[in-house]
Amino acid sequence: MGADLDHKAVERAYARWAPVYDIVFNRIMDTGRRAAVAAAAKAGRRILDVGVGTGLELPYFGPNHEIVGVDLSEPMLRKAQERVASKQLKQVTGLCVMDAQRLAVADASFDAVIAPYVITTVPDPMGALDELARVVKPGGEIVLLNHISADSGPRASFERWLGRQTQHLGWRPEFPWERISSWYENRPHITLVERRTMPPLGLFALIRFSVGPKVTDAFKTAI
Ligand SMILES: C[S@@+](CC[C@H](N)C(=O)[O-])C[C@H]1O[C@@H](n2cnc3c(N)ncnc32)[C@H](O)[C@@H]1O
């Protein structure tokens, strides 16, 4: 595996990406964004968009939603702010600098959390997933779009090679499904609802989890 990520490397990488991000990543990853928004939108009105970046997914939410977007990168958020202003996206009620691993958000305060193309970019993906689950109301959903790396073959070799560029890219090209499955399989209040392959070339997956009531240790002993 290549050098891993830390917040400074991620901030540096996205400060470099911000001016060209939309040109490189808008169309190629748009099918996934639209599918993720459609899924999150069904879960309820209040939605937290974690790693909102330049806000490419924001126009896909309807006027009846209330979206708060957070991101570690100020340059990316500035682009999101420009998009919200130019497109008059009234459904976006806030954009703030925030770390996915330490959300300054109360427990169970959103109907859904959406994180498109984000979890492979955070230094501690499992810690971030726990944070996302914490802020979702019981009965709500977590919707992720994530690159899932190949187990074997030429793609796996390429991803291993690309993994050496992790710090420079700002994401991990190597991200096996086991990183996700080991998270939810050990969380009794989390259920995998859907895993759907997404373009381009099936490199990405739309992953949905429902969040149930937290199973406390006392309850676990009782059953
Ligand atoms: C690949 S971009 C995805 C942006 C957008 N969601 C999209 O669909 O285009 C990943 C974003 O996650 C943000 N990010 C990385 N680590 C983060 C963290 N720990 N907390 C919040 N945002 C983070 C980056 O700054 C970047 O804007």
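Coordinates for the structure precede this section.
Residues numbered from 1 in each chain as written. Predicted model: local features only at pLDDT ≥ 70, side-chain atom pairs only at ≥ 80, totals over all residues. Heavy atoms only, no water.

All right, on to the sheet that holds strand β7 (residues 204-211) then. Sheet architecture is open: seven strands sit in the order β3-β2-β1-β4-β5-β7-β6, paired in mixed fashion. Looking at strand neighbours, the two that pair on one side only are β3 (92-97) and β6 (190-198), the edges of this open sheet. Strand-to-strand twist in this sheet, taken as the mean axis angle between neighbours without regard to direction, amounts to 15°. Bridge count between strand β4 (residues 110-116) and strand β5 (residues 136-147): six bridges; the pairing is parallel. Bridge pairing links V113 to I142 in β5. (Pairing = 2+ DSSP bridges. Helix = DSSP H or I, 4+ residues; strand = E, 2+ residues; numbered from the N terminus. Axes fitted to C-alpha atoms, helices over the stretch in contact; angles between N-to-C directions.)

In this section: the site of the ligand. Within the structure, the ligand sits among 21 residues, and Y21, R33, G51, D71 and A100 are positioned closest to it. At 2.8 Å, a side-chain N or O of R33 approaches an oxygen atom of the ligand. One of the side-chain N or O atoms of D71 is found 2.6 Å from an oxygen atom in the ligand. Expressed as a share of its isolated accessible area of 600 Å², the protein-covered part of the ligand is 98%. When residues in the shell around the ligand are grouped by element, the largest group, three residues, is from helix α1 (residues 7-17). When grouped by side-chain class, the residues that make up the shell around the ligand number twelve nonpolar, five polar and four charged. (Near = heavy atom within 4 Å. Polar contact = N/O pair within 3.5 Å; in protein donor to acceptor, adjacent residues only side chain to side chain. Areas by Shrake-Rupley, 256 points an atom, 1.4 Å probe, with all protein chains shown as cover. Nonpolar A, V, L, I, M, F, W, Y, C, P; charged D, E, K, R; others polar.)

Where nonpolar side chains cluster on the molecular surface, the patch consists of V20, I23 and V24 and spans about 270 Å² of accessible area. Looking at where V20 falls in the secondary structure, it is placed in the loop between α1 and α2 (21-25). What makes V20 partly exposed here is its relative accessible area of 35%. (Patch = residues over 30% accessible without salt bridge, like charges linked within 9 Å, V, L, I, M, F, W, Y side chains within 5 Å. Salt bridge = Lys/Arg side-chain N within 4 Å of Asp/Glu carboxyl O. Buried < 20%, exposed > 50% of the residue type's maximum accessible area, 1.4 Å probe, protein only.)

With an omega dihedral of 0°, the bond running from P199 to P200 counts as a cis peptide bond. Counting through the fold element by element, P200 comes out in the loop between β6 and β7. Residue Y117 is not a glycine yet carries a positive backbone phi of 60°. Within the element layout of this structure, Y117 appears in the loop between β4 and α5 (125-135). By relative accessible area, which is 11% here, Y117 ends up buried. Despite not being glycine, L201 shows a phi value in the positive range, around 60°. A residue is classified by how much of its surface remains accessible, and L201, at 80% relative accessible area, is exposed.

Let's shift gears to the pattern of salt bridges. If you walk through the whole model with that rule in mind, you get 16 salt bridges. With its nearest N and O atoms 4.0 Å apart, the salt bridge here joins E11 to K8. Here E11 pairs with K8, and both are found in helix α1, just three residues apart, close to one helical turn. Linking E141 and R208 is a salt bridge whose minimum nitrogen-to-oxygen distance equals 2.8 Å. Pair noted here: E141 is in strand β5 and R208 is in strand β7, with a separation of 67 residues, a long-range link. Each member of the pair E141 and R208 is classed as buried. The network of salt bridges with shared partners includes D30, R33, R34 and E57.

Below, the discussion takes up the packing of aromatic side chains. Overall, the coordinates contain six aromatic pairs when judged by the stated rule. Between the NZ or CZ atom of R46 and the centre of the ring of F110, over which it lies, the distance is 4.3 Å. Above the plane of the ring of W177 lies R195, whose end atom (NZ or CZ) is 4.0 Å from the centre. (Phe/Tyr/Trp six-rings, centres within 6.5 Å; stacked < 30°, edge-to-face > 60°. Lys NZ or Arg CZ within 6 Å of the ring centre and 35° of its normal.)

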